[in-house]
Every structure is written in C-alpha cells, then in structure tokens.
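Secondary and tertiary structure notes
Letter by letter, the chains look like this.
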Amino acid sequence: MKLGIVGLPNVGKSTLFNSLTKAGAESANYPFCTIDPNVGVVAVPDERLKLLGDMYHSKKVTPAVIEFVDIAGLVKGASKGEGLGNQFLSNIREVDAIVHVVRCFDDPNVVHVDGSVNPLRDIETINLELIFSDLEILERRISKVTKAARMDKTLAKEDALLARIKEHLESGRMAKSLEVEDEDELELLRSYNLLTYKPVIYAANVAEDDLADDGAGNPMVEDVRRFAAGENSEVFVICAQIEQEIAELEDDEKAMFLEDLGISQSGLDKLIAASYKLLGLMSFLTAGEDETRAWTIKIGTKAPQAAGKIHSDFERGFIKAEVVNYKDLLEQGSLAAAREKGLVGMEGKDYVVQDGDVILFRFNV
C-alpha cells in the first residue's frame, strides 16, 4: 500500500511523516523546507505475526508494509507557479490513497501561510490545486483522444466521458463524485490516475490537549469530520508533535507514554486502521519455520487470487488451501493439533479469505 501526504506548508505534514517513518525529513517553521519528495517505508504493526513467529521459531518475520510519500506543501495558486508550484504532485499520482494533513490548532509561534487557521478553507485550497493538476492531465488526454476519435469511432465514448469529467472538475467538484454510466466508463476513469479520484484520509492535527478526547471538543475537528462524512472519507486525529516524541521511544516505553496521555493508539495505528478501512483491505498470514508473513489483500478476495499474491504459480496451479484461524492455531500450539480438533479446513477455489486466516496453499504447476 502506498499513501501520499499532502497539505499546506506548516500544517505538520513533514513532522507527521518523520514520526511515521522515522526518516528525518526536514521540517521547520517556514514554508517549503521540503522540496524533494520524501519516501519512507513503514511496517504495519501486527501482534499476530510475533505470536505465530514465536510459536514456529521462524527464522524471519515479515510484516505488511506501507510506503509514504511526503511532498512539498501546496499553496493557493500552485498550479500557476505560486510557492514551489505543483510539479511535486506527479510524485503522488501512483498512490492508493491521499493523507491530507489539516491544521486544527492555534499557535502564534507557528505561522500559517494564509494568516489564520481555517481547516475547511485549507481543504478547499488543496482540493482546487488537485483539480487544476488533474485538468492538465485531462487536457493532454483529450487532445490525443479527440484526434484519434476522428478515425476510430470506438473512441467516441471515451471522448464524451473526458468532456464530462472536464466539465465536472471545472465546476469545482472532485472526480470521485462523478456518476459513471457503466463498467467501461468506470475502468476508463480509474485508468487516468486522477488525484481527485483517489480516496482521502484527513489527518486532523491538533494540540496535545485535544488528543485524549479524540478532538471531540475542538470545533475545527468537528468541521473536518462533517466535511469528510459528506464525501465518504476517513478522519483520524493526531498531534504531530507528540507523534514525533512517540516515534523515538521503545515499544514498552511507548505503551506507558500513550497511557499517560490517555490514548490507546498512536497516530500510525490510527492511520493504518483508517487506510485499511477506506481501501477495503485486510491481511492473511503464512507461517512456518523459515518465515511468518502477513499479506495484504482486498476484502472479498478468493483463495486462488490470495495465493497469487505470494507467487503467480500458486494461483495458476491452485489445488486447495489449508486454512485455520490464527487464534485457533495459537491455542492448539501446532497445525497438526488444530487438524486433530477439526479446526483446519480444506478449501477450494470459491473460498473467500478472511482476515487472520493462516493459509497453507497446495498447488501443482
């Protein structure tokens, strides 16, 4: 999974990136200190892996990972070259979802590029820049398709769709709110990789005092939640500064620190939960002496396609999947003991993989 982090300068974007990835990206109290995109890879915390790895005495334990891409802060007019312009948006065209960091705290010591804190105005500023960037992409596609459509009538449908998307964006709406007429149009829309079509998770960056009640008493956070609900986006509340402190602690210290703050999850945990929910993802597990590993798949994936995540041969030659829930496996202490108790199922091609399944695939190529 790949997530792109966007936001205005000085909203806590690079501080959040640092805390999530411990990558040490530059962050300071002035706009545009992040110029080159920062990329960091983070392991998805999963206690099931450690428990299974210990049980099997696995030589290697491999978690699922998320790649974060942090780009320079955008300002109003970026598409016309204001600030550092919008050339950095090309670095997040390939991401699965966008993490939009929104400032929801007042602090006279941290400057705001627009002179005051107003999260809804800030969201609108960023969204407009994403729209302008998508319109540039569309213009190039329209010019190519319109020419070719004169010779090839099958492209007329795409030409009409492009015109509708362009009109939709020009009216200030995001591509994801466009109603498509059929599966073909949906496929085309997905293929353009538009930033305004990507799912969004809003990171409401609050002061430390607002963290314990998850921003419930902060009217700015409530505004962001209402806005996000209107477009089926996810929201999680963080204090980027606190996240940076958490990132420097060992696991046992981290748990104590979170308890002292009156919170149960770190920002990274909240973001991962929001990402998986928004993208409809889950993990199945493979376990053994050589390696215990988590594999991220879409909810609803069938056994052969899950096998294909490991290797294309597994999908091609799929015979059966030996499946046990990780809790049952841990309780029984071995796969053989779980089999004896009838807790292991031999599943075929139509089996829909469940979160927490430990699977041994049988295949023949």
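See the structure above.
Please read these numbers as outputs of a predicted model, since none were measured by experiment.

1. Side note on the overall build of the chain
The secondary structure content of the chain amounts to 13 helices and 12 strands. Burial status across the chain gives 48% buried among its 365 residues. Across the chain, contacts joining residues at least 24 apart in sequence account for 68% of those joining residues at least 6 apart. A total of about 17900 Å² of accessible surface is found on the chain, and carbon and sulfur atoms cover 49% of it.

2. Thoughts on the environment of E248
Mapped onto the fold, E248 is located in the loop between helix 7 (240-247) and helix 8 (251-261). With a relative accessible area of 64%, E248 lands in the exposed category. Through-space distance from the C-alpha of E248 to that of S19 is 8.2 Å; in sequence the pair is 229 residues apart.

3. Topic: the sheet that holds strand 2 (residues 38-43)
Taken together, 6 strands build an open sheet; the order of strands is 2-4-1-5-6-7 and the sheet is mixed. One side of each edge strand has no neighbouring strand; the edge strands of this open sheet are strand 2 and strand 7 (234-238). Mean inter-strand twist for the sheet, computed between neighbouring axes without regard to direction, equals 25 degrees. Judged from the 6 bridges that link them, strand 2 and strand 4 (residues 65-70) form a sheet pairing that is antiparallel. For G40, the partnering residue across the bridge sits in strand 4 and is F68. Contacts from helix 6 (residues 219-230) reach strand 5 (97-103), strand 6 (200-205) and strand 7, with the element oriented near 160 degrees to strand 7. In the packing of helix 9 (residues 267-279) onto the sheet, contacts are made with strand 1 (2-6), strand 2, strand 4, strand 5, strand 6 and strand 7, and the angle to strand 7 comes to roughly 180 degrees.

4. Digging into the packing of aromatic side chains
In this description, an aromatic ring pair is defined by two values, namely the gap between the centres and the angle between the planes. In this structure the tally under the stated criterion is 5 aromatic pairs. Ring geometry for F284 versus W295: centroids 6.4 Å apart, planes at 15 degrees, classification stacked. In this pair, F284 is assigned in strand 8 (residues 281-286) and W295 in strand 9 (residues 291-298), connecting sequence segments 11 residues apart. Judged on exposure class, the residue F284 and its partner W295 are both buried.

5. Points about the packing of helix 1 (residues 13-21) against helix 7
Relative orientation of the contacting elements helix 1 and helix 7 amounts to 25 degrees, with a least axis distance of 8 Å. Comparing their axes, helix 7 and helix 1 come out roughly parallel. Two packed elements cross with a definite hand, and for helix 1 against helix 7 that hand is left-handed. Contact residues: T15, L16, N18 and S19 in helix 1; A240, Q241, E243, Q244 and A247 in helix 7. Looking at the contact of helix 1 with helix 7 residue by residue, the class counts come to 3 nonpolar, 5 polar and 1 charged.

6. A short note on the pattern of salt bridges
Tallied over the full model, the rule gives 28 salt bridges. As a salt-bridge pair, E185 and R164 come within 2.9 Å of each other at their nearest N and O atoms. A residue pair is termed long-range when its members are at least 10 positions apart, and E185 in helix 5 (residues 183-191) and R164 in helix 4 (residues 156-170) qualify at 21 residues. The exposure class assigned to E185 is buried, which follows from its relative accessible area of 2%. Residue classification places R164 among the partly exposed residues on the basis of a relative accessible area of 25%. One network of salt bridges, in which partners are shared, links D214, E222, R225 and K270.

7. Thoughts on the nonpolar core
Grouped together as the largest cluster of nonpolar side chains are 82 residues, with contacts concentrated most on F68, I98, C104, I165 and L271. In terms of residue count, helix 3 (residues 119-149) provides more of this core than any other element does, 8 residues in total. The residues contacting I98, other than those within four sequence positions of it, are G4, V6, I92, L130, L195, K198, P199, V200 and I201. One finds I297, Y351, I359 and F361 within the second-largest nonpolar core, a separate group that totals 14 residues.

8. Examining helix 2 (residues 47-56)
Within helix 2, burial applies to R48, L49, L52 and G53. An end-on view of helix 2 places all buried positions within 125 degrees of arc, on one side of the element. Of the exposed residues in helix 2, the ones pointing more than 90 degrees away from its buried face are E47 and K50. As for helix 2, its buried residues are in contact with strand 3 (60-62), strand 8, strand 9, helix 12 (326-332) and strand 12 (357-363).

9. Comments concerning unusual backbone geometry
The phi dihedral of N193 is positive, around 55 degrees, even though this residue is not glycine. Mapped onto the fold, N193 is located in the loop between helix 5 and strand 6. Judged by its relative accessible area of 24%, N193 falls in the partly exposed class.

10. What about the environment of A240?
With respect to the helices, strands and loops of the structure, A240 is situated in helix 7. Of the residues examined, A240 reaches a relative accessible area of 3% and is grouped as buried. Sequence spacing of A240 and V11 is 229 residues, and the spatial spacing of their C-alpha atoms is 9.2 Å. Each residue touching A240, except ones within four places of it in the same chain, is listed here: G12, T15, L16, S19 and N205.

11. Topic: a negative patch on the surface
Together, E208, D209, E245 and E248 line one region of the surface with negative charge. Considering the arrangement of structural elements, one finds E208 in the loop between strand 6 and helix 6.

The rules behind these values
- Residues numbered from 1 in each chain as written.
- Predicted model: local features only at pLDDT ≥ 70, side-chain atom pairs only at ≥ 80, totals over all residues.
- Heavy atoms only, no water.
- Helix = DSSP H or I, 4+ residues; strand = E, 2+ residues; numbered from the N terminus.
- Buried < 20%, exposed > 50% of the residue type's maximum accessible area, 1.4 Å probe, protein only.
- Contact = heavy atoms within 4.5 Å.
- Areas by Shrake-Rupley, 256 points an atom, 1.4 Å probe, with all protein chains shown as cover.
- Pairing = 2+ DSSP bridges.
- Axes fitted to C-alpha atoms, helices over the stretch in contact; angles between N-to-C directions.
- Phe/Tyr/Trp six-rings, centres within 6.5 Å; stacked < 30°, edge-to-face > 60°.
- Parallel < 35°, antiparallel > 145°, perpendicular 65-115°, else oblique.
- Left-handed = near helix turned anticlockwise from the far one by under 90°.
- Nonpolar A, V, L, I, M, F, W, Y, C, P; charged D, E, K, R; others polar.
- Salt bridge = Lys/Arg side-chain N within 4 Å of Asp/Glu carboxyl O.
- Core = buried A, V, L, I, M, F, W, Y, C linked by side-chain atoms within 4.5 Å.
- Arc of directions from axis to C-beta.
- Patch = residues over 30% accessible without salt bridge, like charges linked within 9 Å, V, L, I, M, F, W, Y side chains within 5 Å.
- Lys, Arg positive; Asp, Glu negative; His and termini not counted.
- Charge placed at Lys NZ, Arg CZ, Asp CG, Glu CD.

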